[in-house]
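# Summary of the model geometry
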Amino acid sequence: EDAECQNLIANASCLIGLHPDECTEDIIDVALRFHKSVAIVPCCVFPTRIFPMRQLRYSGKPVRSYEEFLQYLLEKDERLQMEALDFEGRNNVIFLRQKVPE
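Overview of the structure. (Residues numbered from 1 in each chain as written. Predicted model: local features only at pLDDT ≥ 70, side-chain atom pairs only at ≥ 80, totals over all residues. Heavy atoms only, no water.)

Another aspect to go through is a nonpolar patch on the surface. A grouping of L18, L85 and F87 is seen on the molecular surface, where their side chains present a nonpolar patch of about 270 Å² in accessible area. Here F87 is to be found in the loop between β3 (81–84) and β4 (92–96). By relative accessible area, F87 is classed as partly exposed at 36%. (Patch = residues over 30% accessible without salt bridge, like charges linked within 9 Å, V, L, I, M, F, W, Y side chains within 5 Å. Areas by Shrake-Rupley, 256 points an atom, 1.4 Å probe, with all protein chains shown as cover. Salt bridge = Lys/Arg side-chain N within 4 Å of Asp/Glu carboxyl O. Helix = DSSP H or I, 4+ residues; strand = E, 2+ residues; numbered from the N terminus. Buried < 20%, exposed > 50% of the residue type's maximum accessible area, 1.4 Å probe, protein only.)

This is the structure we're talking about:
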């Protein structure tokens, strides 16, 4: 992690990703690590080519479908929530609202 990247994250109030492909999981992981709010609309799963080792936490089942990917991301933290947005296609947003320190 370089200083510029750390500074950007430290000064962000929320991390957002709209169909961010390969960096979907990284955005959530960084938000959780640095206690940031996050909103992400996952799209591609990349089950065999890039992320063949992903497994659901509780069942151990490999992540192969979009629905399994959503579940996999939600299993990262019990505070993560999911809602459907009002547009066609892959429209599920996974989010977490962190409390802002006063």
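On any regular strand, side chains alternate: one points to one face of the sheet, the next to the other face. Burial along strand β1 (residues 14–18) is one-sided: the residues L15 and G17 are buried and none of C14, I16 and L18 is. Direction of pairing for β1 relative to strand β2 (residues 37–41): parallel, over a ladder of 5 bridges. Within the sheet, the bridge partner assigned to G17 lies in β2 and is I40. Traced from β1 through helix α2 (residues 24–33) to β2, the parallel crossover comes out right-handed. (Pairing = 2+ DSSP bridges. Right-handed = clockwise from strand over helix to strand, strands pointing away.)

By secondary structure assignment, the location of N91 is in the loop between β3 and β4. Side-chain polar atoms of N91 contact the backbone oxygen of L85, separated by 2.7 Å. When neighbours within four sequence positions are excluded, N91 is seen to be in contact with V41, Y66, E83, A84 and L85. (Polar contact = N/O pair within 3.5 Å; in protein donor to acceptor, adjacent residues only side chain to side chain. Contact = heavy atoms within 4.5 Å.)

The next point concerns the pattern of salt bridges. All told, the structure shown has 5 salt bridges when counted by the stated rule. Here E25 makes a salt bridge to K76, at a shortest N to O gap of 2.9 Å. Of this pair, E25 sits in helix α2 while K76 sits in the loop between α3 (66–74) and β3; the two residues are 51 residues apart in sequence, bridging distant segments of the chain. On the basis of relative accessible area, E25 is assigned to the buried category, the value being 12%. Overall, K76 belongs to the partly exposed group, its relative accessible area being 21%. In this structure, R79 engages D77 in a salt bridge whose closest nitrogen and oxygen atoms are separated by 2.9 Å. For R79, a relative accessible area of 37% gives the class partly exposed. Among the residues examined, D77 registers a relative accessible area of 17% and is labelled buried. Each of E25, D29, R54 and K76 takes part in a single network of salt bridges with overlapping partners.

Here 4 strands make up an open sheet; going across it, the order is β1-β2-β4-β3 and the pairing mixed. Every other strand in the sheet has two partners, leaving β1 and β3 as the edge strands with one partner each. Averaged over neighbouring strand pairs, the angle between their axes works out to 15° when direction is ignored. Where β2 meets β4, 3 bridges bridge the pair, whose relative direction is antiparallel. Each residue of the ladder has a partner; that of V38, found in β4, is L96. Against the sheet, α2 makes contact with β1, β2 and β4, and its axis sits at roughly 170° relative to β2, the strand it touches most. Sitting on the sheet, α3 is in contact with β3 and β4, with an inclination near 5° to β4. (Axes fitted to C-alpha atoms, helices over the stretch in contact; angles between N-to-C directions.)

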